[in-house]
Amino acid sequence: MQLTQRLGAIGYRLLQAVPVVFGIIVITFMLTRALPGDPAVYFAGPAADERSIAEIRAQLGLDRPLPVQFWSYLSDLVRGDLGTSISTGQPVTHELMTRLPASLELTLVALLFSVLIAVPLGVLAATRPDTWIDHLCRFIVTAGVSLPTFFTGLLLVYVFYFLLGWAPPPMGRLDILYLSPERVTGFYLIDALIAGEYATWRSAAAHLVLPALTLGLFTLAPIARMTRAAMLQVLASDFIRTARSAGLNRRKILLSYAFRNALLPVITTLGMVFSFALGANVLVEKVFAWPGIGSYAVEALVVSDYAAVQGFVLAMALLFVTLNLVIDLTYTLIDPRVRLGD
Amino acid sequence: MQRRDFLKNASAAAVGASILPFLKSTPALAQSGDTIVVVTGTTINSLDLHRTGTNRPSYQVAVNCYDRLISFGVKTLPDGSLSYDYDTLVPELAERWEIAADGLSVTFYLKPDAAFWDGTPVTATDVKWSLDRAVSVGGFPTVQMRAGGMESPDQFEIIDDKTIRVHYLQPSKLLLPDLAVPVPFIINSKVALAHATDDDPWAMEYLHRNPAGSGAFKVERWQPSEQLVYIRNDDWQGGPLPAVRRVIIREIPSQSTRRALIERGSVQFSHDIPAKDAREMLANPRVKVIGNPIENCLHVLCPNLNFAPFQDKRVRQAVAYAIPYAEIYRNAAYERGAPMWGGEHLEPQSVVWPQPFPYTTDYDKARELLAQTDYKDGFEVPLSFDLGTAEWGEPTALLIQEGLARIGIRANIERIPGANWRTIALVEKNLPLHLENFGGWLNTPCYYFFWAYVSDRLFNSSNYSDPEMDQLVAETLHIPMDDPDYEPKLKRMIAKAFDEVPRIPLYQPNLEVAMIPQIEGYQFWFHRMPDVRTLKL
Amino acid sequence: MDTLAPRPNTLGRHFLYVLSSNPVTAIAFALFTLIVLTGIFGPLLVPYDPLATHSARALEPPSWDHWFGTDHLGRDVFSRVVVATRLDLLISVAAVSLSFVFGSLLGAMAGFFGGWTDRIIGRVLDTVMAFPLFVLAMGIVAAAGNTIENIIIATAIINLPFYARMVRAEVNIRRNAGFVQAARLSGNSDLRVLATQIFPNALPPIMVQLSLNMGWAILNAAGLSFIGLGVSPPTPEWGIMVAEGANFIVSGEWWLTLFPGMALMLAVFTFNLLGDGLRDLVDPQRRT
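Computed from a predicted model, the values in this text were never measured in an experiment.

Details of the overall build of chain A
Per the secondary structure count, chain A includes 13 helices and zero strands. For chain A, the sequential pattern of α-helices and β-strands runs α-α-α-α-α-α-α-α-α-α-α-α-α. C-alpha atoms of chain A, sized along the principal axes, occupy 85 × 60 × 40 Å. By residue count, 51% of the 342 residues in chain A fall in the buried class. In chain A, 70% of the contacts between residues at least 6 apart in sequence involve partners at least 24 apart.

Notes on the overall build of chain C
Along chain C, the regular secondary structure elements total ten helices and zero strands. Sequence-ordered secondary structure for chain C, helices as α and strands as β, is α-α-α-α-α-α-α-α-α-α. The C-alpha extent of chain C, read off along each of the three principal axes, is 75 × 45 × 30 Å. Looking at chain C as a whole, 55% of its 288 residues are labelled buried. Considering only contacts in chain C between residues 6 or more positions apart, those separated by 24 or more positions represent 69%.

A short note on the sheet that holds strand β3 (residues 82–91) of chain B
Spatially, three strands are ordered β2-β3-β20 (chain B) in an open sheet, and the strand pairing comes out mixed. Each having just a single partner strand, β2 (70–76) and β20 (523–524) of chain B make up the two edges of the open sheet.

Some details on the domain arrangement of chain A
Along its sequence, chain A is organised into domain 1 (2–78) and domain 2 (100–302). The distance between the C-alpha centroids of domain 1 of chain A and domain 2 of chain A comes to 33 Å.

Side note on the sheet that holds strand β10 (residues 246–251) of chain B
Residue and element names in this part refer to chain B. Taken in spatial order, the seven strands make up an open sheet running β8-β9-β10-β1-β11-β19-β12, and their pairing is mixed. Two strands in the sheet have a free side with no partner beyond their single neighbour: β8 (217–223) and β12 (288–293). Alignment of strand β1 (residues 35–40) against strand β11 (residues 269–270), held across two bridges, turns out to be parallel. Bridge assignment links V39 to a residue of β11, and that residue is S270.

Some words on the interface of chain B and chain C
Listed per partner, the contact involves 18 residues of chain B and 15 residues of chain C. Elements with a contribution of two residues or more to the side of chain B that touches chain C: α9 (255–263), α12 (325–331), α14 (390–405) and β16 (410–416) of chain B. Tallying contributions element by element places α14 of chain B first for the side of chain B that touches chain C, with five residues. Considered class by class, the residues forming the side of chain B that touches chain C number seven nonpolar, three polar and eight charged.

A closer look at the pairing of β8 of chain B
All names here are of chain B. Where β8 and strand β9 (residues 227–232) come together, six bridges link them in antiparallel fashion. Bridged to R221 within β9 is V229. Taking the residues that link successive antiparallel strands as the turn, the β8-β9 hairpin has three residues, and the phi of S225 there is positive, at about 60°.

Quick word on the environment of R13 of chain C
Position of R13 of chain C relative to the elements: it lies in helix α1 (residues 8–21). With 124 residues separating them in the primary sequence, R13 of chain C and A137 of chain C have C-alpha atoms 41 Å apart.

Examining the pairing of β10 of chain B
Across a regular strand the side chains alternate sides, sitting on one face of the sheet and then on the other. Residue and element names in this part refer to chain B. Burial analysis of β10 places six of its six residues in the buried class, which makes it a mostly covered element. Across the two faces of β10 the burial is the same, with R246, I248 and R250 and V247, I249 and E251 all buried. Sheet topology note: the β1/β10 ladder contains six bridges and is parallel. Following the sheet pairing, V37 is matched in β10 by I248. Bridge count between β9 and β10: five bridges; the pairing is antiparallel. When the bridges of β10 are listed, Y230 appears paired with V247.

Comments concerning the nonpolar core
Ranked by internal contacts, the top residues of the largest apolar core, which has 342 residues, are I223 and A297 of chain A together with A137 and M138 of chain C. Ranked by the residues each element gives to this core, the list is headed by helix α9 (residues 198–235) of chain A, at 19 residues. Residue-level mapping places this core at the junction of two domains, with at least three residues from each of domain 1 (2–78) and domain 2 (100–302) of chain A. Beyond its immediate stretch of four places on either side in the chain, I223 of chain A contacts S114, V115, A118, V119, G122, V266, T269, L270 and V273 of chain A.

Overview of unusual backbone geometry
All names here are of chain B. Residue W353 is joined to P354 through a cis peptide bond whose omega torsion reads -5°. Take P354: it is sitting in the loop between β14 (338–339) and α13 (363–371). Notably, A203 is not glycine yet its phi reads approximately 50°, a positive angle. By the element assignment, A203 lies in the loop between α7 (189–194) and α8 (204–209).

Considering α9 of chain A
Residues and elements named next belong to chain A. Over its 38 residues, α9 extends only 45 Å from the first C-alpha to the last, a length that falls short of the 56 Å expected when each residue adds 1.5 Å. Along its length, α9 shows its largest kink, about 35°, at T219, and proline P222 lies within four residues downstream of that point. Summarising burial for α9: 30 of the 38 residues are buried, a large majority.

What to know about the environment of M109 of chain C
Residue position: M109 of chain C is located in helix α3 (residues 77–113). When sequence neighbours within four positions are dropped, the list of residues in contact with M109 of chain C reads T117 and I121 of chain C.

A word on the environment of R174 of chain C
Residues and elements named next belong to chain C. With respect to the element layout, R174 can be found in helix α6 (residues 148–174). Overall, R174 belongs to the buried group, with 22 C-beta atoms counted inside 10 Å. Residues R174 and T155 lie 19 residues apart in sequence; the distance between their C-alpha atoms is 30 Å.

Considerations on the packing of helix α4 (residues 115–130) of chain C against α6 of chain C
Describing two packed helices takes the angle between their axes plus the distance from one axis to the other. Residue and element names in this part refer to chain C. Orientation of α4 relative to α6, taken along the N-to-C sense of each, is 135°, at an axis distance of 9 Å. Looking at the two axes, α4 sits oblique to α6. As α4 runs across α6, the sense of the crossing is left-handed. Of the residues in α6, those in contact with L125, V128 and M129 of α4 are I157, P161, A164 and R165. A breakdown of the residues in the contact of α4 with α6 according to their chemical character gives six nonpolar, no polar and one charged.

Describing the packing of helix α17 (residues 467–476) of chain B against helix α18 (residues 486–500) of chain B
Residue and element names in this part refer to chain B. At a minimum axis separation of 10 Å, α17 and α18 run at an interaxial angle of 145°. Pair α17 / α18 crosses with left-handed handedness. Contacts between α17 and α18 involve M469, L472, V473, E475 and T476 from the first element and Y486, K489, L490, R492, M493 and K496 from the second. The residue inventory of the contact of α17 with α18, partitioned by class, reads six nonpolar, one polar and four charged.

Focus: the confidence of the model for chain C
Residues and elements named next belong to chain C. Of all residues in chain C, 92% attain a pLDDT of 70 or more, and the chain-wide mean is 81. For chain C, per-element mean pLDDT is lowest for α1, which scores 67, and highest for α3, which scores 90. Predicted confidence for residues 1–6 stays below pLDDT 50, and this span has eleven contacts to residues more than four positions away or in other chains. Note on the complex model: pTM 0.81, ipTM 0.76.

The rules behind these values
- Residues numbered from 1 in each chain as written.
- Chains lettered and ligands numbered in written order.
- Predicted model: local features only at pLDDT ≥ 70, side-chain atom pairs only at ≥ 80, totals over all residues.
- Helix = DSSP H or I, 4+ residues; strand = E, 2+ residues; numbered from the N terminus.
- Buried ≥ 20, exposed ≤ 12 C-beta atoms within 10 Å, placed from the backbone.
- Contact = placed C-beta atoms within 7 Å.
- Pairing = 2+ DSSP bridges.
- Domains from an automatic or database assignment.
- Nonpolar A, V, L, I, M, F, W, Y, C, P; charged D, E, K, R; others polar.
- Core = buried A, V, L, I, M, F, W, Y, C linked by C-beta atoms within 7 Å.
- Expected span 1.5 Å × (residues − 1).
- Bend = angle between axes of the 7 residues up to and from the residue.
- Axes fitted to C-alpha atoms, helices over the stretch in contact; angles between N-to-C directions.
- Parallel < 35°, antiparallel > 145°, perpendicular 65-115°, else oblique.
- Left-handed = near helix turned anticlockwise from the far one by under 90°.
- pLDDT = per-residue confidence, 0-100.

Following this line, the structure appears as structure tokens:
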């Protein structure tokens, strides 16, 4: 493909995302306004009367008609202003900057753990279909996805922290006495290395183990399943048969021919699993007091914190749109036959 | 930079300790008596109590970082625990105060050495600016000030640099105590005004993130929904210098995690724990549990008078006789707190408040009462509670549901998320039958009645409206409690509450806290916030 | 291509073959039968009233009287776990059916008509899928109120795009296939061709998705319960029982959360294994 053609295709793909993003903005706005409960009353506090509630409603701009509220929301958005979260009292953009990395770090470490286990399991199962190994693999990953994450999380905390004392207390990303490392990426594992603070790195890593395990167990199944299915399909295809009949080394066939071709659907699945895991994060973060966006979204939703709910859902959605774009681009790298914009 | 280095060194020491399996870094450091880690389940969302949208847990910043003119004294309760003392006012920023002979003003003389964190002296100008702010910004602070009879900046008069006078609208026993609640805290007005704008004359935006006070602790670090770190103000003039240098308030949403943390000694203090945990941890020698009945607070069942069947007093009484009080006390309150049923007399014998109501679990009597009404075949009613109080609300509601079923009232349980609760229950007041937990800050019976029994008041979620009650409350609210009129009128109010039961008390709840046994000096406060100024290790 | 539409007589034989060749699938089918039977007859068989409190016997560990112990109000955990089966099955079956019906409809339209219909439906689906799904479900339930119907609808909405996309892809591929052209040429209307010739081909992969989603729907409802947006008490439901029991783990009352948790896991597990089994059943490559 020509470079210009490629760029054009990328541009078209980006353009496709525009209505989606607009749709997200509209749905989020409508959804937050449909939340029952009156934030003005909630925030007026325990001993408020009609007068103070009305004062607060005006302060929050909630006394204006909906289209006006939507318009001012849009124009703020264009200026990069997501508003101020009333429940934490911080600008939503600031919250995003500090919380998103926490969630991403957790999700990515969980996915890494998951891929490291699930892909070999999938390949193993695919090379020995219908043997006890295949069944065992299937059993393990299915058991993983069948556990409610909050249940797994609580169980792990109970055993490894409360009973055995091996894990650090489930109190967020670092031990209480460590300061977060100088912020570069917001990922403590990376920032601590950059700053050369190895003790902080160890603390951050130790705090990641249980939540990442909890989330990782949950994402084993789709990855392993897709790996197995894709491998089976590829292994049954003509070119593998040809390669086999040509007497190529079995290991080489498996890894360089079959696996490479099976990667494509696996990567697609990874994208979906990522979004899925970000959602599942909500529950894991609640159990481990993880200062990420999931736990924040729950809190914001419960108090009808419009700005926060809108900002976070928007951020998550944009993230996902970007991710899909990246996956589509990766496609072209792995498989030149795939054209963008189809 | 120095702070950073300090923490780095501390953590380096802690890493060494963490090689031993059961010695985590935090307790190791805390044993030096320098730092206390407190866990709570709630988020501090602002450092400024006056700001719109500041939630209840944030009030602790006003307590620990700011001073008021006066505060409450301390008393030792019969069980040996410490509590604030509503009947004693003590100096905080004011050195002394005098009530004018006509009873219509009180003059405060500021401590000569009182100074803000930046070293500038506390002056009458700061005090006036702060009190003006509390009565002007609207929302909760203004309502609370009004409850004490302070409504307008005109009431605060600067006499000289160190003297300020507060004028009463009418003589009231509530004004002085209301100056000792967290709301009228004193702000460094020079700092605040430097950050005020035309749109924001009260510097709400600045003080929200940057406290400017004279209090015992400064805020060293604040990460909303993670932690708040207090560091001691070594020049504090408001009271005895705190024993601990640093207090870390850590927010842990999961209740079971908080319990695990305190039981394992990973943290030193757990604030506001569930009754069940309190009862069970009494058996753990590594944890000290202190529970105090929350003054002027009741967990009640409210039959709403807007709902036709509950307009009949006998139906409300029938409900009051059909509640399994003992089961609720056992399974929802875990026998912590004080029972509020089974009073022996139909007429109150004293003005002690709260006191047990003269109802017991008596299904026959309940059926008999219901049979006299139009609703002898029972009826269906939703029974609601705030999801935020599910810990006691849910078992309580389930047990009430069972009790009511015995007399033919079919209650369907509805859980209402926190955001909707205030709107539906307190403002619109249209929940037919619901659980409520109001507690008054100012500890006088008339104050409770003022909020909960007077027509249209916020916490009168039963829509009870009775001219005689309104009249009696208006007459008793401001007069001194030793006024000869006070006792008979109050008895009449309590008698009406007994007889007409628009609110059916279940029990008086406890405020429970857990700490490692080495911690001393914990005091119960009506505001139910951790006052970390008195904690010692 | 038409091997994709299995004929019933061979299907039965194939079913038996799959069961005998794959013990895990056989187990899954057995468990599935057990769960369905429990859902139907469970409420008739339990030893106690699942709603009756008995405060004197609260928080008792498992015993001969109470096989799974009692909860904080003295209710029998075993009875509650068994009775909950019906509600959890109902939620997942209803949610998955809804998303299947509406998802297929949208997907078939998009795939068959193409053009603007396809584009609009595609963008709408993209929009829904761009939300973190669990957060969207939370939002819907929070906004509409936490009733069982709303939990079902929320779960259906977040699952809908998967079906729609699947059906769209299948329909799109076959839109111009030989057998479709033939059906058209012999005078069948578009809709008829879509319903009778194309759509049935999309069914086998959807069956797999259905089964997997059943498990996921149960987990979803449980997750909503955990954050307080689920079924209202005192209705027995696994998710809410786990969530409530979670507060009792540290104090040592493990049976409150373990048994409903195991039931929940077993059900999800069964549906997932079943999905795999169904895949073997419909996958042409695995047929002999």
